[in-house]
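Read off the chains here:
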Amino acid sequence: MLEQFEFHHILLEYYSSSGQKKESIEKNLSHYLKEVVVITIDMCGFTNEVREIGLLHFLSKIAIMKQIVHKSLTDKFVILKSDADNVFLISNSTIKNNNEKQLLQESLELLELLFMNIDINNKHVEKQKKIEISVGIDMGECLFPIKNDFYGYSLNIASKLGEDEAKIDEIFFSKECYAIIKENIHNSPLFDKIKKGIH
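Residues numbered from 1 in each chain as written. Predicted model: local features only at pLDDT ≥ 70, side-chain atom pairs only at ≥ 80, totals over all residues. Heavy atoms only, no water.

Draft legend 1. Structural detail: the confidence of the model for the protein chain. On average, residues of the protein chain score 95 in pLDDT, and 100% of them reach the 70 mark or higher. Of all helices and strands in the protein chain, the one with the weakest mean pLDDT is helix 3 (residues 46-52) (85), whereas strand 5 (residues 171-173) scores best (98). (pLDDT = per-residue confidence, 0-100. Helix = DSSP H or I, 4+ residues; strand = E, 2+ residues; numbered from the N terminus.)

Now the structure itself:
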């Protein structure tokens with residue numbers, strides 16, 4: 001795994017390279033590629049709550065949300081990073097041998113536990129302290145060159161679905177993921193929350 005400054009230097013070098021040098025950099029970085037399921041969890045209400053109640057109020061809710069996510073983790077997923085009011089999870093197992101459906105089912109089971117724990121928390125707090133999230137899910141190849149960070153089209157799609165398309169309490173699967181998992185959705189307690197994304 002690279003240090004942040006090393007990866008930054010490689011990117012600058014790649015930008016100004018061409019031909020064999022560019023191919024060599026691509027080959028070296030390909031060792032950091034993995035195909036995984038990506039889950040983006042977005043905390044809802046930042047703009048309105050910070051304006052109406054205050055920044056510390058919302059930051060404290062983010063801390064509780066992250067605590068609940070940790071509590072809900074199974075051994076199938078790991079929190080790779082958190083940024084502002086978002087938490088990003090990836091599957092521990094990589095996509096291989098047509099195991100996509102299994103990995104997506106495991107993501108669904110994790111979210112069932114997460115929403116159950118959020119409901120438990122919300123029953124014991126006043127309205128303005130209730131935790132409200134939206135979720136986006138995609139899968140595909142991502143680059144993991146440095147510790148606690150990653151990059152990729154699937155990350156972008158999961159983030160767009162979770163932050164932009166999904167509303168409070170909604171779970172948006174990418175079109176590809178939804179096509180794979182749709183048969184399992186009907187048996188999930190989250191059935192009413194699950195939607196198919198436009199991406």
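Draft legend 2. Layout of the packing of aromatic side chains. Within the structure shown, the criterion is met by three aromatic pairs. Where F7 meets Y151, the ring centres are 5.6 Å apart and the plane angle is 35°; that geometry is what we call tilted. Of this pair, F7 sits in helix 1 (residues 4-15) while Y151 sits in the loop between strand 4 (133-143) and helix 6 (153-165); the two residues are 144 residues apart in sequence, bridging distant segments of the chain. Looking at Y151, the relative accessible area reads 32%, which means it is partly exposed. Here the aromatic rings of F46 and F58 are separated by 5.2 Å at their centres, their planes lie at 85°, and the arrangement is edge-to-face. In this pair, F46 is assigned in helix 3 and F58 in helix 4 (residues 55-72), connecting sequence segments 12 residues apart. Judged by its relative accessible area of 36%, F46 is partly exposed. F58 sits in the buried class, given a relative accessible area of 0%. Geometry around F144 places K34 over its ring, the cationic atom sitting 4.7 Å from the centre. (Phe/Tyr/Trp six-rings, centres within 6.5 Å; stacked < 30°, edge-to-face > 60°. Buried < 20%, exposed > 50% of the residue type's maximum accessible area, 1.4 Å probe, protein only. Lys NZ or Arg CZ within 6 Å of the ring centre and 35° of its normal.)

Draft legend 3. Quick look at unusual backbone geometry. Even without glycine at this site, A84 takes up a positive phi of about 55°. Examined against the element boundaries, A84 turns out to sit in the loop between strand 2 (77-83) and strand 3 (86-91). Even without being a glycine, N97 presents a positive backbone phi close to 50°. Considering the arrangement of structural elements, one finds N97 in the loop between strand 3 and helix 5 (100-122). Relative accessible area serves as the criterion here: at 72%, N97 is assigned to the exposed category.

Draft legend 4. Broad picture of the side chain of S17. As for its placement among the helices and strands, S17 is situated in the loop between helix 1 and helix 2 (19-29). Within the structure, the side chain of S17 is placed 2.5 Å from the backbone oxygen of E13, a separation counted as a polar contact. In this structure S17 touches K22 and I25, once residues within four positions along its chain are discounted. (Polar contact = N/O pair within 3.5 Å; in protein donor to acceptor, adjacent residues only side chain to side chain. Contact = heavy atoms within 4.5 Å.)

Draft legend 5. How the structure looks around the pairing of strand 1 (residues 33-43). Counting buried residues in strand 1 gives eight out of 11 residues, a clear majority hidden from the surface. Alignment of strand 1 against strand 4, held across 11 bridges, turns out to be antiparallel. What sits directly across from V38, in strand 4, is D138. (Pairing = 2+ DSSP bridges.)

Draft legend 6. Representation of the environment of Q105 in the model. By the secondary structure assignment, Q105 is in helix 5. The residues touching Q105, leaving out its near neighbours within four places in the chain, are I181 and N184. At 2.8 Å, the side chain of Q105 forms a polar contact with the side chain of N184.

Draft legend 7. Layout of the pattern of salt bridges. Enumeration over the complete set of coordinates arrives at seven salt bridges. D169 is paired through a salt bridge with K193; the nearest N and O atoms lie 3.7 Å apart. Taken together, the residues span a long stretch of sequence, with D169 in the loop between helix 6 and strand 5 and K193 in the loop between helix 7 (175-185) and strand 6 (194-196) at a distance of 24 residues. Residue classification places D169 among the partly exposed residues on the basis of a relative accessible area of 31%. (Salt bridge = Lys/Arg side-chain N within 4 Å of Asp/Glu carboxyl O.)

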